[in-house]
Amino acid sequence: MRRLLLFAFLLIATPLAAQPATPCASDSATAVIEGRDVRARLYTNGALFWRGSGNVYEVGGADAVFNTSFWIGGLVGDEPRVSATDYGPWEMWPGPLGSDGNPPADCAPHDRIYLVTTLDIARYRDTGEASDDLRDWPAHLGAPTVDGDGISDNYDLAAGDRPQLFGDQTAWWVMNDAGGDHGTTRSDPIQMEVQVTAYAFNQSGPLGETTFYRYRLVYRGSEPLTNAWTGFYADVDLGNASDDYMATDSTRNMAYVYNGDDLDSGSAGYGAGPPALGYRFLETPPDANGQALGMTRAWIPTGSKVNFGIGGSPESAYDALQGIWRGGVPLRRTARGYAPPSDDTSRVVRFVYPSDPLRKTFWSDFAPGRDSGPNTPTDRTLALTTGPFTMQPGQSHDLTLAIIYGRGADHLDSIVKLRANADGIAAAWADGLSPNPLPPPPPQPPVLTVISLRHLSEQPASSLADFELGSGVDQAMRVEVYDAMGRRMSTLFDGEMSLDERRTLTLDTSRFAPGVYFVHARGRYTTATRELIVVR
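Residues numbered from 1 in each chain as written. Predicted model: local features only at pLDDT ≥ 70, side-chain atom pairs only at ≥ 80, totals over all residues. Heavy atoms only, no water.

Q: Is there a simple way to think about the sheet that holds strand 25 (residues 464–471) in this case?
A: Backbone hydrogen bonds are what pair the strands of a sheet, in a parallel or an antiparallel way. Across the sheet, 3 strands lie side by side as 24-25-28; this open sheet has antiparallel pairing. The two strands at the open ends of the sheet, each matched to only one other strand, are strand 24 (451–455) and strand 28 (502–508). For this sheet, the mean angle separating the axes of adjacent strands, direction not counted, is 25 degrees. (Pairing = 2+ DSSP bridges. Helix = DSSP H or I, 4+ residues; strand = E, 2+ residues; numbered from the N terminus. Axes fitted to C-alpha atoms, helices over the stretch in contact; angles between N-to-C directions.)

Q: Looking at this model, I keep getting lost on the environment of Leu382. Mind explaining?
A: Residue placement: Leu382 occurs in strand 22 (residues 380–391). In this structure Leu382 comes out as buried when scored by relative accessible area, which is 0%. Sequence separation of Leu382 and Asp188 is 194 residues, and the distance between their C-alpha atoms is 26 Å. (Buried < 20%, exposed > 50% of the residue type's maximum accessible area, 1.4 Å probe, protein only.)

Q: Would you explain the packing of aromatic side chains in this entry?
A: Here a ring pair, both rings aromatic, is described through the centre-centre distance and the interplanar angle of the planes. Evaluation of the coordinates by the stated rule reveals 29 aromatic pairs. Taking 5.8 Å as the distance between ring centres and 80 degrees as the angle between the ring planes, the aromatic pair formed by Phe201 and Phe212 counts as edge-to-face. Taken together, the residues span a long stretch of sequence, with Phe201 in the loop between strand 13 (192–200) and strand 14 (211–219) and Phe212 in strand 14 at a distance of 11 residues. Side by side, Phe201 and Phe212 carry an identical accessibility label, which is buried. Centre to centre, the rings of Phe232 and Phe281 are 6.4 Å apart; their planes meet at 45 degrees, and the pair counts as tilted. Of the two residues, Phe232 sits in strand 15 (residues 225–236) while Phe281 sits in strand 20 (residues 276–283), which places them 49 residues apart along the sequence. The buried category is assigned to Phe281, whose relative accessible area is 3%. Three or more aromatic residues joined by ring pairs form one cluster here, namely Trp50, Phe66, Trp71, Tyr87, Trp90, Tyr233, Trp299 and Phe308. Its end group placed over the ring of Phe366, Lys360 keeps NZ or CZ at 5.0 Å from the ring centre. (Phe/Tyr/Trp six-rings, centres within 6.5 Å; stacked < 30°, edge-to-face > 60°. Lys NZ or Arg CZ within 6 Å of the ring centre and 35° of its normal.)

Q: Teacher, can you tell me more about the layout of surface pockets here?
A: Any empty space left between the atoms is revealed when a probe the size of a water molecule rolls over them. The space that makes up the second largest pocket amounts to roughly 200 Å³. Taken together, 13 residues line the second largest pocket, and the ones lying closest to its centre are Phe166, Tyr199, Trp429, Gly432 and Leu433. In the lining of the second largest pocket, the residues fall into 6 nonpolar, 4 polar and 3 charged. (1 Å grid on protein atoms, 1.4 Å probe; cavity = no way out; pocket = protein on both sides within 12 Å on 5 of 7 lines; lining within 4 Å. Points joined across faces, edges and corners; volume = space filled by probe spheres on them. Nonpolar A, V, L, I, M, F, W, Y, C, P; charged D, E, K, R; others polar.)

Q: Before we go on, may I ask you to explain the pattern of salt bridges in this structure?
A: Think of it this way: side chains of opposite charge can pair up when their charged atoms draw near. Per the stated rule, a full pass over the model turns up 21 salt bridges. Arg112 is the partner of Asp136 in a salt bridge, and the nearest nitrogen-oxygen pair spans 3.1 Å. With a gap of 24 residues between them, Asp136 in the loop between helix 3 (132–135) and strand 10 (145–146) and Arg112 in the loop between strand 8 (93–94) and strand 9 (114–117) connect regions that are remote in the sequence. For Arg112, a relative accessible area of 25% corresponds to the partly exposed category. Two residues, Arg380 and Asp365, come together in a salt bridge whose shortest N-O distance is 2.6 Å. Remark: Asp365 occurs in the loop between helix 4 (314–321) and strand 22 and Arg380 occurs in strand 22; sequence separation between them is 15 residues. For the pair Arg380 and Asp365, one class covers both residues: buried. (Salt bridge = Lys/Arg side-chain N within 4 Å of Asp/Glu carboxyl O.)

Q: Whenever I open this one, the nonpolar core confuses me. Can you help?
A: In globular proteins that are soluble, nonpolar side chains generally tend to be buried together. Of all hydrophobic cores here, the largest spans 87 residues; its most connected members are Tyr57, Phe70, Tyr213, Tyr215, Leu277 and Tyr279. If you tally residues by element for this core, the top one is strand 15, at 7 residues. Apart from residues no more than four positions distant in its own chain, Tyr57 is found in contact with Val38, Arg39, Ala40, Phe49, Ala62, Asp63, Ala64, Val65, Glu209, Thr211, Tyr213 and Ile403. One finds Ala461, Met477, Leu492 and Tyr517 within the second-largest nonpolar core, a separate group that totals 23 residues. (Core = buried A, V, L, I, M, F, W, Y, C linked by side-chain atoms within 4.5 Å. Contact = heavy atoms within 4.5 Å.)

Q: Just checking my understanding: could you explain the sheet that holds strand 30 (residues 527–534) for this structure?
A: Spatially, 27-26-29-30 is the arrangement adopted by the 4 strands of the open sheet, whose pairing is antiparallel. In this open sheet, the two edge strands, each paired with only one partner strand, are strand 27 (488–497) and strand 30. For this sheet the average axis-to-axis angle between neighbouring strands, irrespective of direction, equals 15 degrees. Summarising the sheet, strand 26 (residues 475–483) and strand 27 pair through 8 bridges and their orientation is antiparallel. Counterpart to Arg478 in the pairing with strand 27 is Asp494.

Q: I tried to follow unusual backbone geometry on my own but got confused; where do I start?
A: In most cases, non-glycine residues show a negative phi, while peptide bonds are predominantly trans. At the junction of Gly88 and Pro89, the peptide bond is cis and its omega measures out at 0 degrees in the coordinates. Inspection of the secondary structure puts Pro89 in the loop between strand 7 (79–83) and strand 8. Looking along the chain, the bond that leaves Gln459 and enters Pro460 is cis, with omega of -10 degrees. Even without a glycine there, the phi angle at Ala335 is positive, about 50 degrees. As for its position among the elements, Ala335 is in the loop between helix 4 and strand 22. For Ala335, a relative accessible area of 36% corresponds to the partly exposed category.

Q: What exactly am I supposed to notice about the confidence of the model for the protein here?
A: For the protein, per-residue confidence averages 91 on the pLDDT scale, and 93% of positions sit at 70 or higher. Low pLDDT (under 50) marks residues 2–21, which in the prediction has 38 contacts with non-local residues, meaning those over four places away or in another chain. (pLDDT = per-residue confidence, 0-100.)

Set out below in structure tokens:
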């Protein structure tokens, strides 16, 4: 969805809260992570796939997502602190936070996304050539690392340390919400550091169509962060953006978009039998009892855009993270989740459109009211969040999202396929996903047996010296004799030898002055040298 006018409106119409001068002006880094059948653009400012132009989330041969934005918020004392947006201004900046919760004096060196592949690791193993990101992998900042040298506080490639690869491609970056003004929410900073690991797989099937994002939340504030919520806003443009529906599946911790009919038309569309795309939480922060919260809210933020409160004040933004409309109006089981405050007859809910679309019953896009017809398919957004949870100073929690694709025989069968893929992905993730094994190193000749050169006669020699020359492969070989000064004195053999061939070579030493000599054999892969002592 190209909401450039909305973006400009937010920049002009939303006044900024009084906050410290911005030390982190730079957030220009970008990278593209690729699986077998998916490509996704990454940024260091809290956005995924789009940051004002050039969105990239391609799967199944078409563009599927316009924009996704990360949300986090909670209470410090009684004060809401939020970092969130829909289409900007974004409220994350590159770099870690210090233990005091302050950003680096200069964030520019941290405006970088490190991306390493299994092929990078294999190339370094085979040639010693390291890509820049493999060489500079920021283990000291928290990037996941395999300790190969037994020293926990260093990163030494030559000693065996390696990036921990979650997929065939793994990207990592660190950002924070304290690097500048919160231009959307007008909130003071939470003092949250966020370490992101994104990964994808070069494998066939659903795994090669899925991207994964682990957000490690590291709280650097000095007071507890209570009643915290986190999650994502997503503008899913599933091929043709104008004909989509949305639904939630709380049993799978998933919100998803599917086509409203069986033809995704236009040059951007998927054509007949269009797919479904799901956002599924695989890992969430714990509740007060230590149990994973799962997805606790999912809705259509643009169901009532004028009442969507992510911008304008910390209070309305904090409500938005909880699925509460502007003015404290809760989600209700009617229309698209919004009912005026005067209408308190419909039930308060946590999830919008949880009914199975295959049944086309209330409450879904097919039946938004008990006696109404279906909604007109349109451009759908979704939000899914989890909370509440508490974070103590220095504490960390992980939030892991998978974006999963499914395409069946028709638009409803694609929902069936999405559910099956989502179940398989969740099970594989829980068992411990791992990338493809590294490709084997290039074949090496059996070096120890490629050349053999040994004395057949006793040393020292006075007249004749015999040697046995052997070859472990078919190769050209040359055997020469050198004196102690490195001067070539004689060539004993120069020709081809075959696999397992043995030859006896005889050297006439009567014409050599007494002293030390060296018999040197050279083949295609290696060499061998023997010392020869000549006496009279």
